[in-house]
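Descriptive structure summary
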Amino acid sequence: MDTHAALYEQGKQRLETLRSLPRRHEETIFDKMAQHGITRRDFMKWSASVTAMLALPLPFSTLVAEAAELADRVPLIWLHMAECTGCSESLVRADTPNLDSLIFDHISLEYHETLMAAAGWQAEENLEHALETYKGNYLLAVEGAVPTANNGAFLTVGCKGHTGLEIIKHAADGAAAIVSVGTCASFGGVQAAYPNPTGAKGVHEVVSKPVINLGGCPPSEKNIVGTLMYFIMFGKLPALDMFNRPKWAYGARVHDNCERRGRFDAGEFVEEFGDHGAKEGYCLYKVGCKGPYTYNNCPTERFNHHTSWPVLAGHGCMGCSEPNFWDDMADFEKPLGRQLLHGLDATADTIGAVILGATVVGIGAHAVASVFAQAKED
Amino acid sequence: MSQRVVIDPITRIEGHLRVEVEVDENNVIQNAWSSSTLWRGIEVILKGRTPMDVGLIVQRICGVCTYSHYRCGTEAVENALGVKIPLNAKYLRSLMQTSLYMHDHIVHFYHLHGLDWVDVVSALSADPAKAAQVALKYTDKPIAAGEGELRAVQERVKGFVEKGQLGPFANAYWGNGTYKFTPEQNLIALSHYLKALEVQRVAAEMLAIFGGKQPHPQSLVVGGVTSVRDMLSPARLQEWKQKHAYVTDFIKRAYQADIVMAAEAFGTEPSVLGGVNVKNFLATDDFVLADGEYMFNGGVIMNGDLAGVSDINPDLIAEDVTHAWYSADNAQHPYDGTTVPNYTGFVERDTVYGKLPTLDGDGKYSWVKSPRYNGEPVEVGPLSSLLVSYARGNKVVVDAVNGLLARTGLPVEALFTTLGRTAARMLQTVIVADEGLRTFDALLTNIQSDEATYVKPEIDANKEYVGHAMIEAPRGMLSHWIRIKGGKVENYQAVVPTTWNAGPKDANGKIGPYEASLIGLKLEDPTKPLEVIRIIHSFDPCMACSVHVMDFKGASLSEFKVSPNGL
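Residues numbered from 1 in each chain as written. Chains lettered and ligands numbered in written order. Predicted model: local features only at pLDDT ≥ 70, side-chain atom pairs only at ≥ 80, totals over all residues. Heavy atoms only, no water.

A count of helices and strands for chain B gives 18 helices and 16 strands. Computed over the C-alpha atoms, the radius of gyration of chain B is 23 Å, within 12% of the 24 Å expected from 2.2 N^0.38 for a compact globule of 567 residues. Each principal axis of the C-alpha distribution contributes one length, and for chain B these read about 70 × 65 × 50 Å. Buried positions account for 68% of the 567 residues belonging to chain B. Carbon and sulfur atoms provide 49% of the accessible area of chain B, an area that totals close to 16900 Å². A distance of 3 Å separates the average location of the 53 positive side-chain charges in chain B from that of its 65 negative side-chain charges. (Helix = DSSP H or I, 4+ residues; strand = E, 2+ residues; numbered from the N terminus. Rg over C-alpha atoms; globule rule 2.2 N^0.38 Å. Buried < 20%, exposed > 50% of the residue type's maximum accessible area, 1.4 Å probe, protein only. Areas by Shrake-Rupley, 256 points an atom, 1.4 Å probe, with all protein chains shown as cover. Lys, Arg positive; Asp, Glu negative; His and termini not counted. Charge placed at Lys NZ, Arg CZ, Asp CG, Glu CD.)

Okay, here's the thing in structure tokens:
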């Protein structure tokens, strides 16, 4: 594990490297911000909040600010595989409006099918041009799973009829880093649920390079932007958990930071949607919440400019940032406590069911999962 | 000598779409083929799961009209089980739908369709002072179109262009002669493109208030809605209303004005005047305004006969796969269809870009099936919804449509065009924004005396259930069909808007709306087919939605084979 000092030094060096790359825009980010009525002070406040979001000490906020300034030097290629475009939609919702749209156009977006103006032959040319020109330097973001059955023929993209599988392998070759955005690109997602008729796989299963996995269906806009920022700042992958998810976002269980956690500890549960407990904000474990088995920052960061998250809206977490959750955590409105998941639930279930009954199932699961989380950190 | 033009990927849509056209020596399109090049198999995956999970899973069919599938899947199960949800749940679902439409149509017009109308490069030579005056022609209170704002936008984009770094705007069909806005009009629209990025975020937050997040909200359950605390919180309700007012302001002062501006500038452009060649339209009752009262009406119009609008008969819906990459003998009703993938690949031939793999128009060529109503292709979408409501004499719709026609000086026939399709989407957004407040008020009244949001559904494992739901998604009429047996999903199918519009030709050689809309169109330059993109985008394609596969009664999953054929 990096010490903060070493990490800070690394970040500084990384920024020096970026500074030596050619600029894409003469105008600085501060000129642009001024046009939008954003002061340097606002910008530093924003940097501090991103720093906190990335779970870095406050002194790192100067690095964040510098990285934002230099961000336009990093070419980004974003590919769509077997997906629903929900992750792109999430990216487009990035909050803190003006500033994030600036960050967005300060990264040099070379290819993104949902947003780019070019189409057809000309779009394919853009991709080929970017893969060649920025070889070894581009950041590759992938949305969607890779169909592998039928030699990958369940997906072709472009006039030349290449399969998604061929395109991913080719694009991964020249990438400086690969980010699988969302559960589909990370772990196969919904199309990989049983019986997985298209042989859908996560990107890391079909390429031979390290891949950062951003679980979530979709991941919040903050987890996407934050991960891109980390790469831009440090030029390397962040610390990752056992499923290659950044620890800064996926290091804590949903359950541990949940706003209803006090209700759980007090044994106050929603028994049925719409009941007295539902109106009072009781714990959703008994109506299926998978927060105790799910690692993500949803309770602290929420979605859509901090507007809400599923548990606030009265529905349990469905575990969407975990591998195979469509199979392992179904059915979603019943407490898990009955399946072998991460090797911990059998214990929780047995102890809970045999000794004390339903409420304790949750507490048992919680206790075991905490130990598990600790082991994972180590 | 005819030439083949291949367009893949069609960008600025949801999903993977390929369109090919054949032009004659005068560059007039003689033949067209539309194909989705991705297959995911969600309905196969649904088989054997609990019906309670259906909504969450089918929602992942699409991350754009995400809420529509969630709601339709949930309501199909409720229909099958005979569950009657509380009034509050109906209102909350309707408010979420209102939020979705206000979000989705803005994103479509500005970020997906807009660059087919707006030449970004031309905007750079505009005079911002003059443009600010032009903006006043289309509304007396323009938004993001003052001289200073326009100048800032222009300078921002100029920085890109002067260094040859256009980012997402690179290598498009700029300068094509079918762009008709003046530089000043282009600058106004470009400014709105950027402003709309901000507005759409707020519109997404509206849905997240009652939905938990957007995309993929998580507050609907079979039997009702879970966001009861948000419903009972005056702060939350006010938050929705506040965001609603902000987004509505943009809709009225920018979106509406820009469509009037487009109608004027593009009023004689052939790729905008044609484009509706299948004159059959289908829409359903939707948007709950009050108990039993809807904002838009359902019905079927055949052959453009507005006087002959009739009720939908669900028995007349069937899907044909003659030219789709599946095997089946006949067109099948959604409750009883089969899906056996049968991929036959591409055929190599000469195109305007040299030798390329191309669609086999005589054989199978798409993962999209071809839905038919009583054997006929039909168009669905905002235009269909408005035409059906218009034909039904829905006063709000009649006034809105007639108002726009009067304002632009266009005849009723102008509705049956690409422009009509794009304008209908805007009119629908205005109506949804205005009328959605009636739903909001109905909710406020009802919660004074009734806080119910949920009824517990019961499933008898010894019974077999069949049900379906039809709703309006932003792209048109959506229906989900379910069969439940032994307490599990036995069979599932979604017949979605883009399937109706994008399907390949059927066994009788009848072609669907996408393909029909292109035939007869003249291209300025076949290597830069902007006109094709413009027409196809006017449908708001959503390909992941359309590439569905149903599970089939009587066929077990072990018999489900995925094998390459002719690859």
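Residues and elements named next belong to chain B. Here helix α4 (residues 87–113) crosses helix α14 (residues 418–446) at 155°, and the two axes come no closer than 9 Å. The angle between α4 and α14 falls in the class roughly antiparallel. As α4 runs across α14, the sense of the crossing is left-handed. (Axes fitted to C-alpha atoms, helices over the stretch in contact; angles between N-to-C directions. Parallel < 35°, antiparallel > 145°, perpendicular 65-115°, else oblique. Left-handed = near helix turned anticlockwise from the far one by under 90°.)

Residues given the UniProt feature "binding site: [3Fe-4S] cluster" (unreviewed entry) here are A:Cys298, A:Cys317 and A:Cys320. The greatest C-alpha distance among the annotated residues, which extend across 23 residues, is 10.9 Å, indicating that they converge on a single site. Structurally, A:Cys317 can be placed in the loop between α14 (298–301) and α15 (325–328). In this structure A:Cys317 comes out as buried when scored by relative accessible area, which is 10%. Apart from the residues lying within four places of it in its own chain, the contact partners of A:Cys317 are A:Val254, A:Gly288, A:Cys289, A:Lys290, A:Gly291, A:Thr294, A:Val311 and B:Gln218. Discounting chain neighbours no more than four positions away, the residues touching A:Cys320 are A:Thr183, A:Gly216, A:Cys217 and A:Phe325. (UniProt positions renumbered as here; feature names shortened; annotations may be inferred. Contact = heavy atoms within 4.5 Å.)

All names here are of chain B. Residues of strand β13 (residues 370–373) alternate between two faces, with Ser370 and Arg372 on one and Pro371 and Tyr373 on the opposite face, all of them buried. Taken together, the four bridges between strand β10 (residues 317–320) and β13 define a ladder with antiparallel strand orientation. Looking at the pairing, Glu319 lines up with Pro371 of β13. (Pairing = 2+ DSSP bridges.)

Here we take up the packing of aromatic side chains. Taken as a whole and assessed by the stated rule, the structure comprises 29 aromatic pairs over all chains. Each ring, one from B:Phe109 and one from B:Tyr110, has its centre 4.9 Å from the other, and the planes form 80°; the classification is edge-to-face. We note that B:Phe109, like B:Tyr110, is buried. Seen in terms of ring centroids, B:Trp325 and B:Phe346 are 6.5 Å apart; in terms of plane orientation they differ by 90°. Their pairing is edge-to-face. Taken together, the positions of B:Trp325 in the loop between β10 and β11 (347–351) and B:Phe346 in the loop between β10 and β11 put the pair 21 residues apart, joining distant regions of the chain. Within the aromatic cluster, the residues linked to one another by ring pairs are A:Phe154, B:Trp39, B:Trp325, B:Tyr326, B:Tyr343, B:Phe346 and B:Trp367. It is B:Arg4 that lies over the ring of B:Trp33; its NZ or CZ is 4.0 Å from the centre. We note B:Arg534 situated over the ring of B:Tyr179; from NZ or CZ to the ring centre the distance is 5.9 Å. (Phe/Tyr/Trp six-rings, centres within 6.5 Å; stacked < 30°, edge-to-face > 60°. Lys NZ or Arg CZ within 6 Å of the ring centre and 35° of its normal.)

Turning our attention to the sheet that holds strand β9 (residues 211–214) of chain A. Residues and elements named next belong to chain A. An order of β2-β1-β3-β7-β9 is seen for the five strands of this open sheet, with the pairing classed as parallel. Pairing within the sheet leaves two strands with one partner each, and these edge strands are β2 (108–112) and β9. On average, adjacent strands in this sheet sit at an angle of 20° to one another, irrespective of strand direction. As defined by bridge partners, strand β1 (residues 75–80) adjoins β2 across four bridges and the pair is classed as parallel. Looking at the pairing, Pro75 lines up with Ser108 of β2. Contacting β1, β3 (138–143) and β7 (175–181), helix α8 (residues 164–173) crosses the sheet at an angle of about 155° to β3.

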